[in-house]
Amino acid sequence: MFTSKSPEIMTLPAPGSESGGATQQSPDTKPTEVWDAQAQRWVEIQQKTFMNWCNEQLKPTGKRIENFRTDLEDGLVLIALVEQLTSSTGGALYKRQGRYCKYPKMRAQKLENVTHALQMIEKEGIKLVNIGTEDVVEGNVKLILGLIWRLIQKYQISTGSKQTKVPSKKSMLNWIDAVLPDRHISNFTTDWNDGTALSALINYCDPTLMTNFKSLNPSNSRENCTHAMQMAKDKFEVPMILSPEDMCHPQIDELSGMTYLSYFLRTEGPGWYSTLNWVRKKVPELNVHNFQSDWNDGRVLCALVEAVAEGTCPEWRDLNKNDKLANCQKGLEAGKKLGIKPTLSAREFTSPDVDELGVMSYAARFQHTAPWPKENSYVLSEPPPPKVHWAECVQLTSVQVQDKVTPGHSALKNTIHGIVNVPVVLRLHVINTKATLKDIRAELQAPGQPVAIALKAIASDQVELTFVPLQEGLHKLSIWCRDDVIDGFPINLMIEPDKASYPKNIRIGTMSSASVGEQLQFQVDVSDAGYGELLVEINNGFNQLPVRIVRQGKVFTVHTQAKECGTYNVFIKWNGEDITEDPMKIEVHDASQCVATGEGLSRAKEDQPAVFTVDTRSAGKGELRVIVEGPHSIAKCSIDKNTSGTYTVTYIPVEVGLFSIKVTWNGKDIYGSPFHPKVTDPRKVRVVGGHVPGMGDNGIINMTHRKAYLLELSTAEAGPGKMVADLQLPSNRRVHLPIELEADGRATIRFVPEEEGDYMLRILWNDHLIKGSPYRMTCRQKRVPVDHTRVRCHGPGLQQSKVSQLSEFFIDGSQAGPGVPNLRMSGVKSDIMVTLIPQGNNIYKAVFTPDIAGAYLLHLTWSDRQVPGSPFKLNVADAAHANRVHASGAALKTIVANQTSRLVIDSREAGSGELTARCVGPNTMAEVHIGDNRNGTYSLLISPSEPGRHTLEVKYGEDHIQGSPFLLRVAAPPDASKVRCFGPGLEHGILSSFNGRFICETKGAGAGQLKVRIHGPKGAFKVEMRRSDTKDRTIDVRYNPNESGEYAIQVKWSDKHVPGSPFIVKVVENREELHTLKRDTANGRQSSKAMTNGWSEEI
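For clarity, every value in this text was computed on a predicted model and none was experimentally measured.

Novice: Hey, could you run me through the overall build of the protein chain in this one?
Specialist: In terms of regular secondary structure, the protein chain is built from 18 helices and 67 strands. Its C-alpha radius of gyration of 47 Å places the protein chain more than 25% over the 31 Å reference for a compact globule of 1099 residues. Dimensions of the protein chain, computed from C-alpha atoms along their principal axes, come out at roughly 160 × 100 × 80 Å. In the protein chain, buried positions account for 44% of the 1099 residues. Within the protein chain, counting contacts between residues at least 6 apart in sequence, those at least 24 apart form 64% of the total. Counting only carbon and sulfur atoms, one obtains 47% of the accessible surface of the protein chain, whose full area is about 57500 Å². Across the protein chain, the centroid of the 127 positively charged side chains sits 5 Å from that of the 124 negatively charged ones.

And the structure:
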């Protein structure tokens, strides 16, 4: 079970709190109504924000989330989301994350997909608590929001550090407070409602934007938020995952605010660049590129403190890089002198995995540091030295880009042209010897990420400056000597894209095969390919597939879809040049084009080979797999490829039943799969009773003319099938015989021989002759005189009938000789029409449907003579009302296997009817008995033979009673041998240090009652028993003796001793007695006394 629970999700702030804002109540408004309204709005904002964030990540996939309750249930969107997040953090270009169902329809397939997605999340190091696969499939929005927040923390807010103990929320607030000290920001909710704080943050990121933020009217909150958020989107590409209306709403939740604002201060965000550029300007000599590894040796930290307050750390240039911890400690101590409290320890600063957000927030504190006080110094003697004009100490000699060298005087007047990733080299001449290499620093204003600048002395008066531009556009280079800008600077450099291309450096993620209609995609990485344009063409020599290319940085994702199977060539060109000598191949297959035919798909015989054919010639290249599963076995299967390109599949079933044949082509089900053949064994169709009625020693069945012949057969062991019987008459006509089937597998063949002579009876089970078939039969007419006294009547209609229900009974005159029955049914209020249906051999079926309840007389004559018993008395009752029958009893909750439980069925208000019941267990039917209490109620006794879920069906008059079918929980029977008792309380000990605790573990012992009885000196101990909850199977028993002596402990489970019971424990006064006791026990000399006093407790 995968679970996730974020303590920050769905925790409603109290009205008027910092997170929720104050709420004005009207006198008629109940507090709970205000609370519910606030909570509802709060949750709506969080759902929208999290959904917008997810859709931002899903943009390259073309998928969207519109409803957390339904859109994640099949797992596909969740898998796509996790794949996008993992690939954005440096995952492989194309990595098959494991198999999952791409077209889930059944619940099991959806559960499998969600499980796969949660496993991917756990592999990323995200701990999931209290969320499972079913929570996502069933749309538990509360837990889904918790899961999304975990993803946001991991991939949006977290800096990847595993060592920091500072929460992300605190680090974010530290940085915001450092860059906006006059705003006094303390939360991510109400402090941002009026839009002025957001405007100030944008101005910090780019001082040319939102310059009027101080004059904004806070009462125009919506207008301020709209303008600021649109500016952030246009200038910094910060997506509006949070709407301006929600940003200015007093019920904005904290997690939504954190998620939106994290775009400003995450790595390479606008706030991150602004703080980094300020640091680079303060310490240009160290060429700082990040807030992690560049700070590990402490030199940047010390240099920044010195740059902010001269004299606090002047020796930073001479620090030993290897003495990281001491350097970081020195910088932090120097920062304390300026009133800046460290957010990280010196040891955390030295870690390569240091929290980047923590370093950035600490560095930002120095931007608004109070001036460092300097001591006044007075020169009393020598005159001051002449002032050095540092701007004139250094001159630009030349600028070189590739082979082109531009003189310095020309470079100062004109724009220099360069190329991306091509070094720019400047030569500087140091005119004044007072200027050294340490006095010279440079700063490059470049689009995008910061560019490293290298300074080195190539002679005593010559300095070389080198940098490599990373992006095209205008660059502005400034060079200082001490605090003065060198004359002629800054200079402009226009960097153009590198037109050179390197197609061979392109890396491709491959996909060897796919299905028709399936969305295909692979990735192309052009990071090292230089300049160029990507062109992709996919065809099979006849048809060209549509191609959609999505770019994300230096990686292109190619999407396509094939409508026909076959081998497709993928031609990829970069800047018009093929990237490989041979095109990439994609095999497209279509399992739906596979055709399976043959008798083996619909039926088979036990222990005999069954064969079918699979034609895959139109399905493309692939692999055929076949799995044949029976009710309790897997059939051996062989696949042989034919010269025609088809496959012959042979399997031998070893049992009867309904089989499942799963046929796949490249892992996809072919059309019609899975198939369900019926495996039968006609040899196992047996005659009920073992003897064929009327069969003589010669194997011929003798029948009586015009007397019904009845043959009962059992098909219970013959497997699923259909029985067919036909009879060849003496006149050579063949007739099809009706078969009466019953639920227990019995089949009855009944016919009346009307012709004298020889017959032939053929019986087939699933189109195969059963054992003994065909049967030879003969019929000879027997003359019977008319005798009305031999007429017999039988059937349920003569016992009891119900209003509006069809009733029937049979009139058997087969022994009464020639004749025709004549009958009439009369009652007090009305007569009933009776219809006679000849059955053959002078047997008739009488059917009737009464309309009025009451007593009736049935008058019956045979050949105009009244038969014995006529007139018959019939009682017609009202119809039964099953919905008025109730069941009650403890058995509806829990019963125990191999024990009899009782239910009471009350039918006193349901009219007359027949009560039936059956109980079906996991593997067997439970024994059920019904007893009539003679008062309108019944006792239903249930005796299950196995534990597990049972289904109890109770019907009254063929209809389910109230609550039927019932689901019963059958527990395992008690097994005292499975109970384990252990602990110091079952061992001999010394009174002063005796620990009277022991454990009774009843797990696996079935349902039962635990009884613990302890006998010992009267009043010498007290006993406690407890368990953590009612479902706990572990019982903790404690007794605390205060007198030495012998204690007998009996532990019984359902009145049977558990292993080791009774336990004899002796408590002695000192160690010597204990030693003697253990020695006597080892030598078999231990004796025990019967205790008459005792204490007991039962659970």
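Novice: When you look at the nonpolar core in this model, what are you seeing that I'm missing?
Specialist: Most often, soluble globular proteins keep nonpolar side chains buried together rather than apart. Core analysis: the biggest nonpolar cluster contains 113 residues, and F68, I148, W192, I202, Y260, F264 and W295 have the highest contact counts within it. Per-element tally for this core: the top contributor is helix 6 (residues 141–157), with 11 residues.

Novice: Honestly, the pattern of salt bridges in this entry has me stumped. Any pointers?
Specialist: Pairs can form between side chains of opposite charge whenever their charged atoms are close. This model, assessed by the stated rule, comprises 41 salt bridges. With its nearest N and O atoms 2.8 Å apart, the salt bridge here joins D615 to R617. In this structure D615 comes out as partly exposed when scored by relative accessible area, which is 24%. Across the pair D906 and R908 runs a salt bridge whose closest N-O atoms are separated by 2.7 Å. Overall, D906 belongs to the partly exposed group, its relative accessible area being 22%.

Novice: Hey, could you run me through the sheet that holds strand 29 (residues 678–680) in this one?
Specialist: Adjacent strands of a sheet form backbone hydrogen bonds with each other and so pair up, either parallel or antiparallel. With mixed pairing, 3 strands are arranged side by side in an open sheet as 21-29-26. Looking at which strands have only one partner, the edges of the open sheet turn out to be strand 21 (603–605) and strand 26 (657–658). As paired strands, strand 21 and strand 29 are joined by 3 bridges and run parallel to one another. Considered in strand 29, the bridge of A604 is made with V679.

Novice: Looking at this structure, how should I read the side chain of S199?
Specialist: Within the secondary structure, S199 sits in helix 8 (residues 196–205). Classification of S199 by relative accessible area gives buried; the value is 0%. Setting aside chain neighbours within four positions, we find S199 in contact with M210, F213, L216, N224 and A228.

The rules behind each value
Residues numbered from 1 in each chain as written. Predicted model: local features only at pLDDT ≥ 70, side-chain atom pairs only at ≥ 80, totals over all residues. Heavy atoms only, no water. Helix = DSSP H or I, 4+ residues; strand = E, 2+ residues; numbered from the N terminus. Rg over C-alpha atoms; globule rule 2.2 N^0.38 Å. Buried < 20%, exposed > 50% of the residue type's maximum accessible area, 1.4 Å probe, protein only. Contact = heavy atoms within 4.5 Å. Areas by Shrake-Rupley, 256 points an atom, 1.4 Å probe, with all protein chains shown as cover. Lys, Arg positive; Asp, Glu negative; His and termini not counted. Charge placed at Lys NZ, Arg CZ, Asp CG, Glu CD. Core = buried A, V, L, I, M, F, W, Y, C linked by side-chain atoms within 4.5 Å. Salt bridge = Lys/Arg side-chain N within 4 Å of Asp/Glu carboxyl O. Pairing = 2+ DSSP bridges.

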